[in-house]
Amino acid sequence: MFAKAFRVKSNTAVKGSDRRKLRADVTTAFPTLGTDQVSELVPGKEDLNIVKLYAHKGDAVTVYVSGGNPILFELEKNLYPTVYTLWSYPDLLPTFTTWPLVLEKLVGGADLMLPGLVMPPAGLPQVQKGDLCAISLVGNRAPVAIGVAAMSTAEMLTSGLKGRGFSVLHTYQDHLCPEGRRLDIKKSSYKKLSKFLQQMQQEQIIQVKELSKGVESIVAVDWKHPRITSFVIPEPSPTSQTIQEGSGEQPYHPPDIKPLYCVPASMTLLFQESGHKKGSFLEGSEVRTIIINYAKKNDLVDADNKNLVKLDPILCDCILEKNEQHTVMKLPWDSLLARCLEKLQPAYQVTFTGQEPIVKKGKICPIDITLAQRASNKKVTVVRNLEAYGLDPYSVAAILQQRCQASTTVTPSPGAKDSLQVQIQGNQVHHLSWLLLEEYQLPRKHIQGLEKAPKPGKKK
């Protein structure tokens, strides 16, 4: 909504009676906020303005600005918090997580598509279609966008996490954000920006130089300084934890992964008698039962040899190659069943603890571990496809950094849309093996590259 510049119609101060009405509206719209929190959000004495504007598509929007920061906006008589407000009350709305790479698209006006969601170990928050939701990024619980759910959580899972998930209304870095101030230095103990910069430079957090006359510029920042690395967003209060129980970090449980088969158009005649149509998903045992019942019902079992099945026109069209149509008249049971499975499209079902199963076509990509050479002939370990198994690449990188005592980085995975890869200095395959197999209890068949671990006595 605010992806492009808007036109301001008016900007006026909010009177006392209007403040009381706004507090009442906030209490009604967000019942989880306590009285003190509502009074803090809508102050009694600080500057509070009401800005009426027209968005770039012509929507009439009312924005409430407190202390120079937009805190709420109203559209079609519905009240919404801004990202500024959600930074103070991060548990105000059910929060869904996406990858950092997606933020740029959201800021540009795109809606959040379901393939971009990250599945947390505790599962997705339970919402209904039309519910207001917050969107955060992996590795940072501070919300960066606000949107309306395009479907319920149950419908999201039933769809296999495909399609549009949220209609995004407002994001961090959109045109509503520049209306606010990031820091009010006058309300700090420094009072003046020059004193603040001087103190930060004395603590060797930043370097400040006068690049042009009268203008001081920050030319360097020590991102590894303890004052920066020790900064964390406060954890939610006990009250907010009870409001959204289960929204915090949960122990990882590996998903249950089951291979499935999808009926293609070329096989519909064979499966329609059993009530299945194109696109139906079946387990291997179900396919076996359907084929056996079909053969028996149509008297296709050879009378002289029960191990053979006669092929009727439907079976011929479904499982035989063109050059076999007039030469192969019968097949053994095992060959018949194997051919049927080969002709069906591969699919799989992923079930996370406490969640509805997610079904997708194709074969699930294994967690891929590779070794690569970098500058100065240094070896690094790269691991991809963690997201498919509900693993957060940033969390995995942090664990490996501590266990391996080696530097780790998280970067976009080449050739994979909205996917990340973790890179660890040195050959750390044995540490990855411990983490994935022992700690996370993932089946070995879903991990490739474990054989690349250094042999005993060899240099990493």
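Quick caveat: nothing in here was measured; it's all calculated off a predicted structure.

Moving on to the overall build of the chain. Each helix and strand in the chain was counted, giving 14 helices and 23 strands. Computed over its C-alpha atoms, the radius of gyration of the chain comes to 29 Å, more than 25% above the 23 Å expected for a compact globule of 460 residues. Projected onto the principal axes, the alpha-carbon positions of the chain cover approximately 100 × 65 × 40 Å. In the chain, buried positions account for 41% of the 460 residues.

The next point concerns the pairing of strand β22 (residues 420-425). The element β22 is largely enclosed, with a buried count of five among its six residues. Two elements, strand β20 (residues 379-384) and β22, share four bridges in a ladder whose sense is antiparallel. Within β22, the position partnered with V382 by the bridge is Q423.

Let us look at helix α14 (residues 429-439). If you check which residues of α14 are buried, you get V429, H431, L432, L435, L436 and L437. Contact partners of the buried residues in α14: β19 (367-373), β20, α13 (393-404), β22 and β23 (447-448). In the segment just after α14, Q441 is the residue with positive phi, at about 60°.

The next point concerns the confidence of the model for the chain. Here the chain averages 86 in pLDDT, and 92% of its residues register 70 or above. Long-range and interchain partners of residues 234-248, a stretch whose pLDDT sits below 50, account for 13 contacts in this model, where long-range means more than four residues apart.

Quick look at the layout of surface pockets now. Empty space left among the atoms is revealed by rolling a probe the size of a water molecule over them. A volume near 880 Å³ is recorded for the second largest pocket. Lining the second largest pocket are 34 residues, and of these P115, K360, E387, K417 and D418 lie nearest its centre. Broken down by class, the residue content of the lining of the second largest pocket amounts to 20 nonpolar, five polar and nine charged. Both domains that furnish three or more residues to the lining of the second largest pocket are identified here as domain 2 (88-171) and domain 5 (367-452).

We now examine the UniProt feature "domain: SUI1" (unreviewed entry) in the chain. The UniProt record marks residues 367-440 with the feature "domain: SUI1" (unreviewed entry), using the residue numbering of this structure. Counted over residues 367-440, helix gives 31% and strand 32%. Its end C-alpha atoms are 13 Å apart.

Looking now at the packing of aromatic side chains. One pass over the full model with this rule turns up seven aromatic pairs. Seen from their ring centres, F96 and F166 are 4.7 Å apart, and the 55° between their planes marks the pair as tilted. Of the two residues, F96 is situated in strand β6 (residues 95-98) and F166 in strand β10 (residues 164-171); the sequence distance between them amounts to 70 residues. Comparing F96 with F166 shows no difference in burial state: the two are buried. Taken together, the aromatic side chains of F2, F6, F73 and Y80 make up a single cluster linked through ring pairs. Across from the ring centre of W434, 3.7 Å away, lies the NZ or CZ of R403, which sits over that ring.

A separate point is the pattern of salt bridges. Within the structure shown, the criterion is met by 10 salt bridges. Across the salt bridge formed by K343 and E321, the nearest N and O atoms sit 3.1 Å from each other. Of this pair, K343 sits in helix α12 (residues 333-343) while E321 is found in the loop between α11 (313-319) and β16 (330-332), placing the two residues 22 residues apart along the sequence. Accessibility expressed as a relative area gives 31% for K343, which makes it partly exposed.

Once that is clear, we can look at the domain arrangement of the chain. By domain assignment, the chain separates into domain 1 (7-81), domain 2 (88-171), domain 3 (192-229), domain 4 (258-347) and domain 5 (367-452). Between domain 3 and domain 4, the C-alpha centre-to-centre distance is 72 Å.

In this structure, M156, I367, L391, L436 and L442 are the most contacted members of the largest nonpolar core, which totals 52 residues. Considering every element that reaches this core, the biggest residue donor is α14, with five residues. Mapped onto the domain boundaries, this core takes at least three residues apiece from domain 2 (88-171) and domain 5 (367-452). M1, L41, A55 and I146 belong to the second-largest nonpolar core, a separate cluster that totals 35 residues.

Moving on, we get to the packing of helix α10 (residues 284-297) against α12. The contact between α10 and α12 brings their axes to 10 Å, and the two run at 125°. Considered as vectors, α10 and α12 are oriented oblique to each other. Seen from above, α10 lies across α12 with right-handed handedness. Residue-level contacts link V287, R288, I291, I292 and A295 of α10 to W333, L336, L337, C340 and L341 of α12.

Once that is clear, we can look at the sheet that holds β19. In spatial order, the strands read β21-β22-β20-β19-β23; together these five strands make up an open sheet with mixed pairing. Across the chains shown, the open sheet's two edge strands, defined by having one partner strand only, are β21 (408-412) and β23.

Let us now look at unusual backbone geometry. If you check the backbone angles, E76 has positive phi at about 50° while not being a glycine. Positionally, E76 belongs in the loop between β4 (69-75) and β5 (78-81). If you check the backbone angles, N385 has positive phi at about 70° while not being a glycine. Within the secondary structure layout, N385 lies in the loop between β20 and α13.

Right, let's talk about the environment of G147 for a bit. With respect to the helices and strands, G147 occurs in strand β9 (residues 140-149). The class of G147 is buried, set by a relative accessible area of 0%. With 224 residues separating them in the primary sequence, G147 and L371 have C-alpha atoms 40 Å apart. Sequence-distant contacts of G147, defined by excluding residues within four places in its chain, comprise D131, L132, C133, S167, V168 and L169.

Definitions and cut-offs
Residues numbered from 1 in each chain as written. Predicted model: local features only at pLDDT ≥ 70, side-chain atom pairs only at ≥ 80, totals over all residues. Heavy atoms only, no water. Helix = DSSP H or I, 4+ residues; strand = E, 2+ residues; numbered from the N terminus. Rg over C-alpha atoms; globule rule 2.2 N^0.38 Å. Buried < 20%, exposed > 50% of the residue type's maximum accessible area, 1.4 Å probe, protein only. Pairing = 2+ DSSP bridges. Contact = heavy atoms within 4.5 Å. pLDDT = per-residue confidence, 0-100. 1 Å grid on protein atoms, 1.4 Å probe; cavity = no way out; pocket = protein on both sides within 12 Å on 5 of 7 lines; lining within 4 Å. Points joined across faces, edges and corners; volume = space filled by probe spheres on them. Nonpolar A, V, L, I, M, F, W, Y, C, P; charged D, E, K, R; others polar. Domains from an automatic or database assignment. UniProt positions renumbered as here; feature names shortened; annotations may be inferred. Phe/Tyr/Trp six-rings, centres within 6.5 Å; stacked < 30°, edge-to-face > 60°. Lys NZ or Arg CZ within 6 Å of the ring centre and 35° of its normal. Salt bridge = Lys/Arg side-chain N within 4 Å of Asp/Glu carboxyl O. Core = buried A, V, L, I, M, F, W, Y, C linked by side-chain atoms within 4.5 Å. Axes fitted to C-alpha atoms, helices over the stretch in contact; angles between N-to-C directions. Parallel < 35°, antiparallel > 145°, perpendicular 65-115°, else oblique. Left-handed = near helix turned anticlockwise from the far one by under 90°.

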